[in-house]
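# Architecture and fold: a report
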Amino acid sequence: MRPATDRPLQRRARAVLPRRQVRPRPRSGSAPTRRPLLLPSLLPVPLLVLLPLLVFLTACNNSSSTRNSTTRGKATVRADGPDAGPGSANTTGSRPSSGGPSGSPTRCVTADLTASVPDTPETGTAQRHARVIFTNRSARQCTLYGFPGTQLRTSGGEVWDLVRSTQVPATRIVLAPGAAAHATLSYLPLDPAQRDAVAFAPATLVLIPPDERTSLQVPWTRGPLLRQDGATRPGTYISALQPGA
């Protein structure tokens, strides 16, 4: 038998040393118990709150981009008039319709007009004047306003673009079918007595109605002119259109 004096020491050792915990062994044939994997617990709390918001914003941005790309892909092409075919569009300078929204006449185009210069014999070497007449040959009313483009052209291809005179104010002219308007062409004939004079011998007068691109041509029968196509203030020029022939 152990002496009685050892028992207090054993009791003190048991009080100081913790008891060893023994985990129960799993029974044979049963799977070991596993703890569930909690991924959300690994993320910080603010990120868990912002994650649904980021997904929502990404979806909104994708839908907005889709709408923008669809809108930009659309193109509108307007085609007016009976002659407009597939793929045609309105462009500046195209032929106007026969009337405006309120039935008012539209401007005259080249195909609506004829041009003429009456041959009135004149003598002398002073400045002369010729009327350039535009007649409405169409079956509708049309309007003219401003200056006709005017060019003198020789048989060899030399050209002289006439300057415009502001002495006559421009006015809007309504031409009924068969009616006429005129512009005054002022010119200086060649003076044979002037030794240093340079001649310009036109064969054709080329005329473009206001706001048009195609021309009408009239033979020039008034003889050679004093060449001043490079002068600052030449004596040969064209005025604005006025009513009547």
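Below is a summary of the structure that appears in this document. (Residues numbered from 1 in each chain as written. Predicted model: local features only at pLDDT ≥ 70, side-chain atom pairs only at ≥ 80, totals over all residues. Heavy atoms only, no water.)

## A look at the overall build of the chain
Here is the rule: Here a helix means four or more residues in a row that DSSP labels H or I, a strand means two or more in a row labelled E, and each is numbered from the N terminus. Remark: exposure states derive from per-residue accessible area (1.4 Å probe, protein chains only) relative to the maximum for the residue type, with buried under 20%, exposed over 50%, and partly exposed in between. Contacts: residue pairs with any heavy atoms within 4.5 Å of one another. Only the protein chains shown count as cover for residues, and all accessible areas are computed by the Shrake-Rupley method using a 1.4 Å probe.
Of the regular secondary structure elements, the chain holds two helices and 15 strands. Buried positions account for 26% of the 245 residues belonging to the chain. By sequence separation, contacts in the chain at least 24 residues apart represent 74% of the contacts at least 6 residues apart. By element, 55% of the accessible surface of the chain is carried by carbon and sulfur atoms, the whole surface being about 18,000 Å².

## Examining the pattern of salt bridges
Threshold: The term salt bridge refers to a side-chain nitrogen of Lys or Arg lying within 4 Å of a carboxyl oxygen of Asp or Glu.
Counted by the stated rule, this structure contains four salt bridges. For R107, the salt bridge is made with E212, and the minimal N-O distance between the two is 2.3 Å. Of this pair, R107 sits in strand β1 (residues 106–107) while E212 is found in the loop between β11 (204–208) and β12 (216–219), placing the two residues 105 residues apart along the sequence. Its relative accessible area of 18% is what places E212 among the buried residues.

## Focus on the packing of aromatic side chains
Note the cut-off: Pairing of aromatic rings covers Phe, Tyr and the six-membered ring of Trp, with a centre-to-centre limit of 6.5 Å; geometry is then stacked below 30 degrees between planes, edge-to-face above 60, and tilted otherwise.
One pass over the structure, following the stated rule, counts two aromatic pairs. With centroids separated by 5.4 Å and ring planes inclined at 80°, the aromatic side chains of Y187 and W220 adopt a geometry described as edge-to-face. Of this pair, Y187 sits in strand β9 (residues 180–187) while W220 sits in the loop between β12 and β13 (225–226); the two residues are 33 residues apart in sequence, bridging distant segments of the chain. Residue classification places W220 among the buried positions, given a relative accessible area of 7%.

## Description of the nonpolar core
Heads up, the rule is: Side-chain atoms within 4.5 Å are what join buried Ala, Val, Leu, Ile, Met, Phe, Trp, Tyr and Cys residues into a set we call a nonpolar core.
Membership of the largest hydrophobic core comes to 26 residues, with the highest contact counts inside it found for V132, F134, L144, L152, L175 and L185. In terms of residue count, β9 provides more of this core than any other element does, four residues in total. Among residues more than four places away in sequence, those in contact with L152 are E158, V159, W160, L162, F200, P202, T204, L205, W220, L225 and T236.

Just geometry here; none of it tells us what the structure is for.
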